[in-house]
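Spelled out from the first residue to the last, the chains are:
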Amino acid sequence: MRLLKNISRRSFGKLGAGALGTAALPVTPLTTPSLASGQGRAQPKFYAFPEGFLWGCATAAYQVEGAAEADGRGPSIWDTFSHKRGKVYENQTGDVADDSYHLYKEDVQLLKNVGCKVYRFSSSWTRVFPAGTGNPNDKGIDFYKRLADELLSNGIEPYCTLFHWDLPQALQDRYGGWQSRETAKAFADYAGYFTKQLSGRIKNIFTTNEFSSFIDLGYRDGRFAPGLKLAPKELNQARHNAVLAHGLAVQAIRANAQAGTKVGIAENFVIAVPIIEAEPHLQASSKATRVLNAAYMTVVMEGKYVEEYLQEQGANAPKFTSEDLKIISSPLDFVGINVYTPTYVMAEHSRNGFAVVKKPSSYPHMASPWLDIGPEALYWAPRHAGEIWNVKEMYITENGCSSADVLTPDGHVYDSDRIMYLRNYLTKLHRAVTEGWPVRGYFLWSLLDNFEWADGYGLRFGIHYVDFKTQKRYPKMSAQFYKETIARNAVL
Ligand code: GBH
């Protein structure tokens, strides 16, 4: 009591977060509760992770780089889309974003301060090939060399995603983007070239990030670039071209990589969580995972479109060859899973054997209305991937949340809801790892507040607050939480 009374708000700030600033975040020493204060109480059980677990943060090129016209970068469909009125919150664009193209050294220091072992970023296709194909741009490639070198010299391993939605505008204009196989081939050429240039530095590569986000939202709902609303038949073909692009890229990466390079994918497949963890719902959730991800993850992992999908789509099903399916399911070294929300599933006497349980309006979510809170998704994602598809090496390539962060006049952000979210999700990841599902690392989304696609700068996902007027970065309380987690290799 006395202690509490004596700590004023100001001095609490100094104790808890006052040392943050841009300087190193201190880690508080691990204290063992004194026996005197709790005679007979059991020792606390920390949620310890295996030694060598790879903690990191993630970002994507268009969301953080800015420098839209620097050094010969060509336009992507997100430049075009964000510059059209009414497409993005307050007509904001990624022209400047976090200016990480110029401030990357500072951002690497943020990673280092938090103790990250790994960093997942994406390369901008139009920095490397300004027109999607044809002549490469050395200055673009140079940026990723410098970034990788900066990471490596700070003891942080680079993980690069080759496509995080910023399709070259030239390919959209010439071929209708993902509506054509030509785009898939162009992607493979870019993947091969990038790998040849960078695999001395970058040993871990993800092809594509989240098919459903760039195809379904971009070509069906029109909410994301390029803002199209295709009919089902054309949509399914675009989906097919996207998974084909991934497969062709895997082959191109392998053909051009130095020994020791690993290749994978980053997917936010629908995570079917059994509404009750008991039969018959367990079986229903496995079945649902295969069927609900038929057009993307399932065909990538199994090399076939499940019957349920082909029947449901009927005449609108994609056209493909058996050779396509072989390419699409080219063996991977690891699978990356982006985990945000659960999809609850229950057993049902129907042809599929499962039903998706609609969430009531009272279901809790974070600042983004779609971001329903369900920590158990971080247990079920690795379990399904391991159980259904026999995945032997996995990463959580994204997990994190938006909060209504407020920067106090003295430069702090007390994002207790983000800490609550992370603590609970990580506890479930701990369960998955403890049960032996082979998750090697975890990338928190995101290192920094950034351009949140159609939500612009209106929603903040970072563990560092960014003042977009000054480009100053401020570690939030969640950065301190994550630093403690990494330092102890355990969830607190
Ligand atoms: C990830 O997508 C992305 O990989 C990353 O770039 C992004 O910043 C992060 O999540 C946070 O959003 O507005 O109702 O149409 C996660 C999957 C797909 C979830 C698109 C939000 C839009 C829902 N996202 N979806 S809505």
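Residues numbered from 1 in each chain as written. Predicted model: local features only at pLDDT ≥ 70, side-chain atom pairs only at ≥ 80, totals over all residues. Heavy atoms only, no water.

Caption draft 1: Representation of the overall build of the protein within the structure. A tally of regular secondary structure across the protein gives 18 helices and 15 strands. For 492 residues, the compact-globule estimate of 2.2 N^0.38 gives 23 Å, and the C-alpha radius of gyration of the protein, at 23 Å, lies within 12% of that figure. Counting only C-alpha atoms and orienting by the principal axes, one finds that the protein spans roughly 75 × 60 × 45 Å. Relative to its full complement of 492 residues, the protein shows a buried share of 58%. (Helix = DSSP H or I, 4+ residues; strand = E, 2+ residues; numbered from the N terminus. Rg over C-alpha atoms; globule rule 2.2 N^0.38 Å. Buried < 20%, exposed > 50% of the residue type's maximum accessible area, 1.4 Å probe, protein only.)

Caption draft 2: Here's a closer look at the layout of surface pockets. Considering only enclosed or pocket space, the largest pocket measures out at about 1400 Å³ in volume. Around the largest pocket sit 49 residues that line it, and Ser212, Ser213, Leu217, Asn268 and Val270 are the ones nearest its centre. Elements that contribute at least two residues to the lining of the largest pocket include exactly helix H10 (211-220), helix H12 (281-292), helix H13 (294-302), helix H14 (307-313) and strand E9 (343-347). Top contributing element to the lining of the largest pocket by residue count: H10, with five residues. Classifying every residue of the lining of the largest pocket by side-chain character gives 23 nonpolar, 12 polar and 14 charged. (1 Å grid on protein atoms, 1.4 Å probe; cavity = no way out; pocket = protein on both sides within 12 Å on 5 of 7 lines; lining within 4 Å. Points joined across faces, edges and corners; volume = space filled by probe spheres on them. Nonpolar A, V, L, I, M, F, W, Y, C, P; charged D, E, K, R; others polar.)

Caption draft 3: Summary view of empty space enclosed by the protein. Applying the stated criterion to the full structure yields four cavities of 30 Å³ or more. Size it by volume and the largest cavity reaches roughly 90 Å³. Lining the largest cavity are 15 residues, with Val64, Ser100, Tyr119, Phe121 and Leu147 positioned closest to its centre. Looking at the lining of the largest cavity, the elements with two or more residues in it are helix H3 (61-64), helix H5 (100-114), strand E3 (118-122) and helix H7 (138-153).

Caption draft 4: Structural detail: the environment of Ile77. Considering the arrangement of structural elements, one finds Ile77 in helix H4 (residues 77-82). Put simply, Ile77 and Pro226 are 149 residues apart on the chain and 5.8 Å apart in space, counted from C-alpha to C-alpha. Leave out the neighbours within four places in its chain, and Ile77 touches Trp165, Leu167, Pro168, Gln169, Gln172, Ala225 and Pro226. (Contact = heavy atoms within 4.5 Å.)

Caption draft 5: Examining the sheet that holds strand E8 (residues 334-338) more closely. Read around the barrel, eight strands follow the order E2-E3-E4-E5-E6-E8-E11-E12 and close on themselves; strand pairing throughout is parallel. When the angles between neighbouring strand axes are averaged without regard to direction, this sheet yields 25 degrees. Along the sheet face, H7 touches E3 and strand E4 (157-163) and points at about 170 degrees away from the line of E3. Of the strands in this sheet, strand E2 (54-58) and strand E12 (439-445) touch helix H18 (residues 477-488), which is tilted by about 155 degrees from E2. (Pairing = 2+ DSSP bridges. Axes fitted to C-alpha atoms, helices over the stretch in contact; angles between N-to-C directions.)

Caption draft 6: Highlighting the packing of aromatic side chains. For the coordinates displayed, the defined rule picks out 53 aromatic pairs. Taken together, a centroid distance of 6.0 Å and an interplanar angle of 85 degrees make the contact between Trp125 and Phe163 edge-to-face. Of this pair, Trp125 sits in helix H6 (residues 125-128) while Phe163 sits in strand E4, placing them 38 residues apart in sequence. For the pair shown, Trp125 and Phe163 are each scored as buried. In this arrangement the basic side chain of Arg120 is found over the ring face of Phe206, its NZ or CZ atom lying 5.5 Å from the centre. The ring of Tyr465 has Arg460 sitting right over it, with the charged end atom 3.9 Å from the ring centre. (Phe/Tyr/Trp six-rings, centres within 6.5 Å; stacked < 30°, edge-to-face > 60°. Lys NZ or Arg CZ within 6 Å of the ring centre and 35° of its normal.)

Caption draft 7: Geometry of the nonpolar core. Counting 144 residues, the largest nonpolar core has Trp78, Trp125, Trp178, Phe194, Leu429, Tyr442 and Tyr482 as the members making the most contacts within it. Element by element, the count of residues in this core is highest for helix H11 (residues 232-256), at 11 residues. Not counting residues up to four positions away in its chain, the partners in contact with Leu429 are Phe49, Phe53, Leu378, Ile396, Val439 and Tyr442. Grouped together as the second largest cluster of nonpolar side chains are six residues, Ala272, Ala284, Val291 and Phe354 included. (Core = buried A, V, L, I, M, F, W, Y, C linked by side-chain atoms within 4.5 Å.)

Caption draft 8: Geometry of a nonpolar patch on the surface. Together, Ile275, Ile276 and Met346 make up a nonpolar patch on the protein surface, roughly 250 Å² of accessible area in all. Along the polypeptide, Ile276 turns up in the loop between strand E7 (272-274) and H12. (Patch = residues over 30% accessible without salt bridge, like charges linked within 9 Å, V, L, I, M, F, W, Y side chains within 5 Å. Areas by Shrake-Rupley, 256 points an atom, 1.4 Å probe, with all protein chains shown as cover. Salt bridge = Lys/Arg side-chain N within 4 Å of Asp/Glu carboxyl O.)

Caption draft 9: Spotlight on the confidence of the model for the protein. In this model, the protein carries an average pLDDT of 93, and 91% of its residues clear a pLDDT of 70 or more. With pLDDT under 50 throughout, residues 1-23 is counted as low confidence; its partners more than four residues away or in other chains account for 22 contacts. For residues 32-36, every residue scores under 50 in pLDDT, and the model assigns this stretch four contacts once sequence neighbours within four places are set aside. (pLDDT = per-residue confidence, 0-100.)

Caption draft 10: Main features of the site of the ligand. Near the ligand lie 16 residues; those nearest to it are Gln63, Glu210, Arg223, Glu452 and Trp453. In isolation the ligand has 580 Å² of accessible area, and contact with the protein removes 83% of it. According to the grid-proximity analysis, the pocket containing the ligand is the largest pocket. Of the residues contributing to the shell around the ligand, the split by class is seven nonpolar, five polar and four charged. (Near = heavy atom within 4 Å. Sits in = over half its atoms within 2 Å of the grid points.)

Caption draft 11: Region of the structure containing the sheet that holds E9. Overall, mixed pairing links the three strands, which are arranged E7-E9-E10 in an open sheet. Pairing within the sheet leaves two strands with one partner each, and these edge strands are E7 and strand E10 (354-356). For this sheet the average axis-to-axis angle between neighbouring strands, irrespective of direction, equals 40 degrees. With three bridges connecting them, E9 and E10 associate as antiparallel partners. Residue pairing for E10: Met346 is matched across the bridge by Ala355.

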